[in-house]
Amino acid sequence: IDTEQNPAIRSRLADYPDRKGHARRPLNLVLMGLAAGADYEMLLPLAAVIEMSENWVLMLDDIIDSSSMRRNAPSHHLKYGVENTINDAAMLQSMMWKMLFDYADKARMVLGDSTAKKIVDKVYEIGSLTYEGESADINILKEAGSIAKIGYDDYAKMASLKTAAYTVWGPLQLGAIVANASNKMLLNLKDIGATAGLAFQIYDDIKDLTLSKEKLGKEPYSDILESKPTLIVIRAFELSNSEERTELDRIYRKGKSEKTQEDIDYVLKIIQKYDCIEFAKNTAHELVTLTLKEFSEFLKNG
């Protein structure tokens, strides 16, 4: 980014990277790699690739969701326009692949051809699964026709694709691959990461309804505004009476710009009436407990 000669372009490309996120994905990669015996110097550039991927994905995600904020600042497309954002995201993606291929050249010399290929293939796999998950997220309500036809399994499958692979088990596997981990270890990490990823997504859904704009770093209630079929609203619909279901369905059929504050308040009232956030917290807690159990077995058995 810093090699870009045009100051305006350089500023746009650096916008999201300079805001700095929580770095969960690169941390998962580095910590797993170190735990498995990999060299830190071989992990750090690959972690940078994963961090770069998040920036261009978020830029496009904010357009898809019509998000107005990201990391406590206006979304990229509101600052620079949709056309520039799509173009900038494409450039950051190109930079990400250049970073990955440069890394792979070094990995071939240090780790061998087979491991270098595994790393490139894994980055592609993570990206393709994230695409499938985002596609499901965009189209699930349209294809179902009503939130009444979306169940817990649909939510879990979508979270598994969109969140678990991208945030948890994909980065964990990348770190382990750098350490020349066995296929058995990679499969175990996928199982652990799938459980942890679902818990992560549920907690993320809870935060959207319970935290302020300042703590979230973006507008709250975005899942309601975007008609996302979260575990919380699926539970609310399941427990509601026929009149409440009709109203919830009516609200969730509306577009984001059509929803009113009264619509948001009604959904929140039903969620509160049936303790749906508490249900989500308990479900996430059970998944975390299961993750810790799975990880304990993983440490014992290798």
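The present account deals with the structure reproduced in this document. (Residues numbered from 1 in each chain as written. Predicted model: local features only at pLDDT ≥ 70, side-chain atom pairs only at ≥ 80, totals over all residues. Heavy atoms only, no water.)

Overview of a nonpolar patch on the surface
In step 1: A grouping of Leu-27, Leu-31, Leu-34, Tyr-40 and Leu-44 is seen on the molecular surface, where their side chains present a nonpolar patch of about 460 Å² in accessible area.
In step 2: At the level of secondary structure, the elements contributing two or more residues to the nonpolar patch comprise α2 (24-35) and α3 (40-64).
In step 3: For the nonpolar patch, the leading source of residues is α2, giving 3 residues. (Patch = residues over 30% accessible without salt bridge, like charges linked within 9 Å, V, L, I, M, F, W, Y side chains within 5 Å. Areas by Shrake-Rupley, 256 points an atom, 1.4 Å probe, with all protein chains shown as cover. Salt bridge = Lys/Arg side-chain N within 4 Å of Asp/Glu carboxyl O. Helix = DSSP H or I, 4+ residues; strand = E, 2+ residues; numbered from the N terminus.)

Quick look at the environment of Val-288
In step 1: Note on placement: Val-288 falls in helix α14 (residues 276-301).
In step 2: If near-sequence neighbours (up to four positions away) are discounted, Val-288 is found in contact with Ala-199 and Tyr-203. (Contact = heavy atoms within 4.5 Å.)

Considering the nonpolar core
In step 1: Judged by nonpolar contacts, the single largest core of 42 residues is most densely connected at Leu-29, Leu-46, Ile-119, Leu-174 and Val-178.
In step 2: The set of elements that each furnish at least two residues to this core consists of α1 (7-19), α2, α3, α5 (82-110), α6 (113-144), α7 (152-178) and α8 (183-210).
In step 3: Of all the elements, α3 adds the most residues to this core, at 10 residues.
In step 4: Excluding anything up to four places from it in sequence, Val-178 contacts Ala-38, Met-42, Leu-43, Leu-46, Tyr-103, Leu-111 and Ile-119.
In step 5: Counting residues in hydrophobic clusters, the runner-up holds 34 residues, among them Leu-198, Ile-206, Ile-270 and Leu-287. (Core = buried A, V, L, I, M, F, W, Y, C linked by side-chain atoms within 4.5 Å. Buried < 20%, exposed > 50% of the residue type's maximum accessible area, 1.4 Å probe, protein only.)

Structural notes on the side chain of Ser-53
In step 1: Following the sequence through the fold, Ser-53 ends up in helix α3.
In step 2: Assessed through its relative accessible area of 8%, Ser-53 is described here as buried.
In step 3: Each residue touching Ser-53, except ones within four places of it in the same chain, is listed here: Met-96 and Tyr-166.

Examining empty space enclosed by the protein
In step 1: Taken as a whole and assessed by the stated rule, the structure comprises 1 cavity of 30 Å³ or more.
In step 2: Contributing to the lining of the largest cavity are Leu-209, Asp-223, Ile-224, Thr-230, Ile-232, Val-233, Tyr-252 and Ile-271.
In step 3: In the lining of the largest cavity, the residues fall into 6 nonpolar, 1 polar and 1 charged. (1 Å grid on protein atoms, 1.4 Å probe; cavity = no way out; pocket = protein on both sides within 12 Å on 5 of 7 lines; lining within 4 Å. Points joined across faces, edges and corners; volume = space filled by probe spheres on them. Nonpolar A, V, L, I, M, F, W, Y, C, P; charged D, E, K, R; others polar.)

A short note on the pattern of salt bridges
In step 1: Evaluated as defined, the whole model comprises 23 salt bridges.
In step 2: A salt bridge links Glu-134 to Lys-162; the shortest N-O distance between them is 3.3 Å. With Glu-134 in helix α6 and Lys-162 in helix α7, this residue pair connects regions lying 28 residues apart in the sequence.
In step 3: Assessed through its relative accessible area of 13%, Glu-134 is described here as buried.
In step 4: Judged by its relative accessible area of 21%, Lys-162 is partly exposed.
In step 5: Between Glu-226 and Lys-256 there is a salt bridge; the shortest N-O distance is 3.7 Å. Remark: Lys-256 occurs in the loop between α12 (242-253) and α13 (261-273) and Glu-226 occurs in the loop between α10 (222-225) and α11 (231-239); sequence separation between them is 30 residues.

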